[in-house]
Amino acid sequence: MANQSIEVAVVGSGMVGGAVALGLAQRGFRVVVVEHDAPCAFNAASPPDVRVSAISRASVDLLKSLGVWQQVRAMRCHPYRRLETWEWESAHVVFDAAELRLPELGFMVENTVLQYALWQALEAHPQVQLRSPATLTAMHSRSGGHELMFDNGDTLTAQLVIGADGACSRVRAWAGIGVHAWEYRQSCLLITVRCEHAPGDSTWQHFTPSGPHAFLPLFDHWASLVWYDAPARIRQLQAMTMPQLKNAVAAAFPARLGEVDPIASGAFSLTRRHAMRYVNPGLALVGDAAHTIHPLAGQGVNLGYRDARALLEVLGNARDRDEEWHGLPVLTRYQNRRMPDNYVMQSGMDLLCNGFSHSLAPVRVLRNLGLMAAQRAGALKRQALKYALGL
């Protein structure tokens, strides 16, 4: 495969890239997936991955349409039916699946489970070639597409390159697409814990002066904690032993958490990025390669799946109409559908984050009055929940 031509090259087979590649193959496109490292096989005896995503109803529907959700369920995931957020105990906002007559709001799924389920489906599809392990060294625009260069000297020419290679996307950089970006004044620590009691089906977030603390229920007696704080404090927490971290969690999190035993943790900084454009002729960006968002409401991967659904529809419809599906006019339809929605969600998370970062008493009173009003908003509250779920 020293010099190969293909219709679509998807660079990155993570949760979003894998979904795009599989969806295009199911629509008849010939696809090559370029991935640095294939995901590890699922081990049911292993503790949960530190990286967990709250998959919304709309994202579950996409995964069902791709035929991989049954495999995810066969491994492990956990439904959540309530979402609670508060600062003062008297100012809770509760979103319940029953309000929308849904069986659940979504599922908590380990990132590795989603990646492996998609990878298995890609391996089995006759329209897909997997190049892994593989390392790209360059990308050049060519007449009718792009040429990808590999470190072993191979080349791959594709009519369409899809960059799904994460927040520090090399595809985006090679395409000359800039980003608007800034770092938040907080970092995040993810903590996998074993709970004294079954975690239930409610996920919650408690706002504190130093940052929010969140609880994500997982399978059996497992859960994931999310601790936002100043970068220096997160570094201190990351350096603790597990017994020390257990004491820190007990002192910081609300009493409803109960006793938990930390098993593993991982920290990351928080950065907002938004690509100045999502497309070039013969090129499109999806997921974190196009945008990253504050993880406050767990919308990151769900926005990526909205990108995936839109791109699959745009490309599939264009091909059915015998249009130049990899040309800029068609790809711009995808950009026009997704860029405004992603920007609105990013801005909403920024507004929420900034609104709860002030410690002045009048500001705290106003925002808690706002939470009380939101709890009583009725139809408006239900509409906001539907938008967040992608419904």
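Everything numeric here is computed off the predicted structure, so don't read it as measured data.

**Things to note about the overall build of the chain**
Consideration 1: Helix and strand content of the chain: 11 helices and 19 strands.
Consideration 2: Expressed as a percentage of the 391 residues in the chain, the buried residues total 54%.
Consideration 3: Expressed as a percentage of contacts within the chain between residues at least 6 apart in sequence, the contacts between residues at least 24 apart total 73%.
Consideration 4: As displayed, the chain offers around 16800 Å² of accessible surface, 53% of which is attributable to carbon and sulfur atoms.

**Some details on the side chain of H78**
Consideration 1: Structurally, H78 can be placed in strand β4 (residues 78-80).
Consideration 2: Looking at H78, its side chain comes within polar contact range of the main-chain oxygen of G200, at 2.7 Å.
Consideration 3: From its side chain, H78 meets the backbone oxygen of L218 in a polar contact 3.3 Å long.
Consideration 4: Other than its neighbours up to four places away in sequence, H78 contacts G106, F107, M108, G200, D201, P217, L218 and F219.

**A few points about the sheet that holds strand β6 (residues 93-96)**
Consideration 1: In space, the 8 strands of this open sheet follow the order β6-β5-β13-β14-β15-β12-β16-β19, with mixed pairing throughout. The sheet is open, and its two borders are formed by β6 and β19 (291-292), each paired with just one other strand.
Consideration 2: Looking at chain direction, strand β16 (residues 260-275) and β19 are connected through 2 bridges and run antiparallel. In the strand pairing of β19, H274 is matched with H291.

**Quick notes on the packing of helix α2 (residues 57-65) against helix α8 (residues 300-320)**
Consideration 1: One can describe the packing of α2 onto α8 by two numbers: an axis separation of 9 Å at closest approach and a directional angle of 45°. Here α8 runs oblique to α2, going by the angle between their axes. Viewed along their axes, α2 and α8 form a crossing whose handedness is left-handed. Two secondary-structure elements touch here, α2 through A58, S59, D61, L62 and L63 and α8 through N302, Y305, A308 and R309.

**As for the packing of aromatic side chains**
Given two aromatic rings, one states the distance between the centres and the angle between the planes to describe the pair.
Consideration 1: With the rule as written, the count across this model stands at 5 aromatic pairs.
Consideration 2: Residues W69 and F107 carry aromatic rings whose centres are separated by 5.0 Å and whose planes lie at 65° to one another, so their mutual orientation is edge-to-face. Placement of the pair is W69 in helix α3 (residues 69-75) and F107 in strand β7 (residues 106-110), with a sequence separation of 38 residues.
Consideration 3: The exposure class of F107 is buried, given its relative accessible area of 4%.
Consideration 4: We note R131 situated over the ring of F150; from NZ or CZ to the ring centre the distance is 4.0 Å.
Consideration 5: The ring of F29 carries the charged tip of R319 above its face, separated from the ring centre by 4.3 Å.

**Regarding the sheet that holds β7**
Consideration 1: Taken in spatial order, the 3 strands make up an open sheet running β3-β7-β4, and their pairing is antiparallel. Both edges of this open sheet fall to β3 (52-56) and β4, since each of them pairs with a single strand only. The average angle at which neighbouring strand axes cross in this sheet is 35°, direction not considered.
Consideration 2: The pairing of β4 with β7 spans 3 bridges and is antiparallel. Across the sheet, residue H78 finds its bridge partner in β7, namely M108.
Consideration 3: Contacting β3 and β7, α2 runs over the sheet at an angle of about 90° to β3.

**Brief notes about the packing of helix α1 (residues 15-26) against helix α4 (residues 111-124)**
Consideration 1: Orientation of α1 relative to α4, taken along the N-to-C sense of each, is 25°, at an axis distance of 9 Å. Classified by the angle between their axes, α1 and α4 sit roughly parallel to one another. When you trace α1 past α4, the crossing you get is left-handed. Here α1 contributes M15, G18, A19, A21 and L22 to the contact with α4, which in turn contributes N111, L114, Q115, L118, A121 and L122.

**Focus on unusual backbone geometry**
Consideration 1: With an omega dihedral of 0°, the bond running from S132 to P133 counts as a cis peptide bond.
Consideration 2: Within the secondary structure, P133 sits in the loop between β8 (128-131) and β9 (136-142).
Consideration 3: Positioned with a positive phi, D220 is a non-glycine residue whose angle comes to about 50°.
Consideration 4: Following the sequence through the fold, D220 ends up in the loop between β14 (213-217) and β15 (222-229).
Consideration 5: By relative accessible area, which is 59% here, D220 ends up exposed.

**So, the environment of L331**
Consideration 1: Examined against the element boundaries, L331 turns out to sit in helix α9 (residues 328-355).
Consideration 2: Since its relative accessible area comes to 0%, L331 is described here as buried.
Consideration 3: In this view, L331 contacts L160, V279, N280, G282, L283, L315, W325 and H326; residues no more than four positions away in its chain are not counted.

**Points about the environment of C188**
Consideration 1: Counting through the fold element by element, C188 comes out in strand β12 (residues 179-195).
Consideration 2: The spacing of C188 and R235 is 47 residues in sequence and 9.6 Å in space, taken between C-alpha atoms.
Consideration 3: Setting aside anything within four residues of it in sequence, one finds C188 in contact with V226, W227, Y228, I234, G266, A267, F268 and L270.

About the thresholds
Within each chain, residue numbers correspond to sequence positions counted from 1 in written order. The predicted nature of this model means local features are confined to residues of pLDDT at least 70 and side-chain atom pairs, given and counted, to a pLDDT of 80 or more, with totals for whole chains, interfaces and linings taken over all residues. Only hydrogens and water are removed before side-chain values are computed, so all heavy atoms of the structure are retained for them. Numbering of helices and strands runs from the N terminus, with a helix taken as a DSSP run of H or I at least four residues long and a strand as a DSSP run of E at least two residues long. Type-normalised accessible area, obtained with a 1.4 Å probe on protein chains alone, sets the label of each residue: buried when under 20%, exposed when over 50%, and partly exposed for intermediate values. In what follows, residue pairs with any heavy atoms lying within 4.5 Å of each other are defined as contacts. Shrake-Rupley sampling with a 1.4 Å probe provides the accessible areas, and residues are treated as covered by the protein chains on show and by no other component. Polar contact is defined as a pair of N or O atoms within 3.5 Å, subject to the rule that within protein one atom must be able to donate a hydrogen and the other to accept it, and that residues adjacent in sequence are counted only when both atoms are side-chain atoms. Each pair of strands is called paired provided DSSP finds at least two bridges between the two strands. Angles shown run from 0 to 180 degrees and are taken between the N-to-C directions of axes, each axis being a line fitted to C-alpha atoms and, for helices, limited to the stretch in contact. Small angles under 35 degrees read as roughly parallel and large ones over 145 as roughly antiparallel, with 65 to 115 read as roughly perpendicular and the rest as oblique. The sense of a crossing depends on the near helix, which, turned anticlockwise from the far helix by less than a right angle, makes the crossing left-handed and, turned clockwise, makes it right-handed. The aromatic pairing rule takes the rings of Phe, Tyr and Trp, using the six-membered ring of Trp, and pairs them if the centres are within 6.5 Å, calling planes under 30 degrees apart stacked, those over 60 edge-to-face and the rest tilted. Our definition puts a charge over a ring when NZ of Lys or CZ of Arg is within 6 Å of the ring centre and also within 35 degrees of the ring normal.

So far we have only geometry, and geometry alone does not tell us how the molecule works.
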